[in-house]
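# Coordinate analysis (summary)
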Amino acid sequence: MDPVRNPYAPGAGQRPPELAGRDTELSAFDVVLERIARGRPERSLVLTGLRGVGKTVLLNQLRSAAINRGWGTGKIEARPDQSLRRPLSAALHMALRELRHPDQESTDAVLGTLKAFAQRQAEGPSGAPAKVRDRWQPGIDVPAATGRADSGDMEIDLVELLSDVAGLAADVGKGVALFIDEMQDVQPDDVSAICAACHELSQQGSPLIVVGAGLPHLPAVLSASKSYSERLFRYLRIDRLDRAAADRALLAPAEREDVEFDTEALDQLYAAADGYPYFVQAYGKVTWDVAAASPITAADVAMAAPAAEAELAVGFFGSRYDRATPAEREYMHAMAELGGPTGAAVGTSDVAVALGRKPASLSPARDSLIKKGLVYSAERGQIAFTVPHFGRYLLSHATD
Ligand SMILES: Nc1ncnc2c1ncn2[C@@H]1O[C@H](COP(=O)(O)OP(=O)(O)O)[C@@H](O)[C@H]1O
Ligand SMILES: [Mg+2]
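The rules we used
- Residues numbered from 1 in each chain as written.
- Chains lettered and ligands numbered in written order.
- Predicted model: local features only at pLDDT ≥ 70, side-chain atom pairs only at ≥ 80, totals over all residues.
- Heavy atoms only, no water.
- Axes fitted to C-alpha atoms, helices over the stretch in contact; angles between N-to-C directions.
- Helix = DSSP H or I, 4+ residues; strand = E, 2+ residues; numbered from the N terminus.
- Parallel < 35°, antiparallel > 145°, perpendicular 65-115°, else oblique.
- Left-handed = near helix turned anticlockwise from the far one by under 90°.
- Contact = heavy atoms within 4.5 Å.
- Nonpolar A, V, L, I, M, F, W, Y, C, P; charged D, E, K, R; others polar.
- Core = buried A, V, L, I, M, F, W, Y, C linked by side-chain atoms within 4.5 Å.
- Buried < 20%, exposed > 50% of the residue type's maximum accessible area, 1.4 Å probe, protein only.
- Near = heavy atom within 4 Å.
- Polar contact = N/O pair within 3.5 Å; in protein donor to acceptor, adjacent residues only side chain to side chain.
- Areas by Shrake-Rupley, 256 points an atom, 1.4 Å probe, with all protein chains shown as cover.
- Domains from an automatic or database assignment.

## Quick word on the packing of helix H11 (residues 277-290) against helix H12 (residues 298-321)
- Orientation of H11 relative to H12, taken along the N-to-C sense of each, is 130°, at an axis distance of 8 Å. Between H11 and H12, the interaxial angle falls into the category oblique. Crossing of H11 over H12 shows right-handed handedness. Contacts between H11 and H12 pair Tyr278, Phe279, Ala282, Tyr283, Val286, Thr287 and Val290 from the former with Asp300, Val301, Met303, Ala304, Ala305, Ala307, Ala308, Glu309, Glu311, Leu312, Phe316 and Phe317 from the latter.
- Class assignment for the residues of the contact of H11 with H12 results in 15 nonpolar, one polar and three charged.

So this is what it looks like as structure tokens:
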């Protein structure tokens, strides 16, 4: 069928033509926004799940919901080894602009604090203050204030800055929502500063919420940082779509183009995609292009499958596999052999036995795979792939 009209959108963070199966999360978020706007205590939200289940697009959708209520919002994508100070400054700058507080003087005062916070960048490696020429100039026109949010201690500075930003939002009867994607990659000092700030602001009844998204071990990262994080955040596990939702993800966009699917075609697509949103989009896209006419049949799906798999092998699996060193690949192959095609979590000691090595000698490979976001520690002594079907991919494709 006409590839120009193909509605499906496989790709990281690509907005799906139909956001299927996330009504529970969306309405939970509406309640959170409403409660915070009324000054009620609420926990911040954290979405967790494997790669490709739709955390980023859901986070973006939640952001739209906040914007639609007139909230100020900002979004960050955390990266390993990067301080949050600059990205946070930019995100909060955006939130302030969205709030459109009518009084310029109050806004400028907070902008001055924000600028001071932004410029108090990183101390050098030895703890020496950054050189003047390293100073970053955020695009803020007001002069930097002094004495607030500029101590250099992230925890203190963040509490002060966020209180001021939330104060402006409270003035106009709105709130501020800060979205943090790939939150497992936030550096330990910054994680603990964020937890502390959320804790402090929720005690003050300030209308500010942090919404995080990350890999399944994110709750463990947060609780390792602050033991009270379990009470601070509400964790929502984002998972595969059930059959009804997966069908809707395919059918609703097709219907808008006057295209239908046979039931057998949907059966086969569900078997192939296993309910993982990324795969649903990938198979949907290729099947559409292969099909000659509506309704799309099981034969179309069978014909499309090898091309869809080949695309996933390059774009979804291969791009990640390529990031691993030979030692890390060896480690992952052992995991795949042990976990089988379902990609079950395996014991780290079993990996060591399978490779005929001492567990300690494998720690560097494992830690670096965790840092690269390819595997995560499901629980103590256990390790699993962050990418669904990765074990299956390794067993059938990669050989080096
Ligand atoms: N609820 C959904 N319904 C249909 N497709 C979805 C849904 N959520 C995500 N997708 C699709 O899945 C893919 C991965 O989404 P993304 O948000 O990048 O996942 P994650 O951030 O969890 O890795 C994208 O192509 C997106 O369009
Ligand atoms: Mg994502």
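## Observations regarding the nonpolar core
- In terms of nonpolar packing, the biggest core is built from 77 residues, with Phe29, Phe261, Phe279, Met332 and Phe390 touching the most fellow members.
- A per-element tally of this core places H12 first, with nine residues.
- When residues no more than four places from it in sequence are discounted, the contact partners of Phe390 are Phe317, Tyr321, Met332 and Phe385.

## Topic: the packing of helix H5 (residues 154-171) against helix H6 (residues 188-204)
- Close contact between H5 and H6 brings their axes to 8 Å; oriented N to C, the two are set at 40°. Looking at the two axes, H5 sits oblique to H6. The two elements H5 and H6 meet at a crossing, and its hand is right-handed. Of the residues in H6, those in contact with Met154, Glu155, Leu158, Val159, Leu162, Ser163 and Ala166 of H5 are Asp190, Ser192, Ala193, Ile194, Ala196, Ala197, Glu200, Leu201 and Gln204.
- Across the contact of H5 with H6, the residue classes break down as 10 nonpolar, three polar and three charged.

## Things to note about the site of ligand 1
- Taken together, 24 residues sit near ligand 1, with Ala9, Gly13, Gln14, Gly52 and Lys55 positioned nearest.
- Interatomic distance of 2.8 Å between a side-chain N/O atom of Thr56 and an oxygen atom of ligand 1.
- Protein burial of ligand 1: of its 560 Å² of free accessible surface, 96% is covered by the chains.
- When contributions to the shell around ligand 1 are tallied by element, the ones reaching two or more residues are helix H2 (55-68) and H11.
- For the shell around ligand 1, the domains that each give at least three residues are domain 1 (23-237) and domain 2 (243-320).

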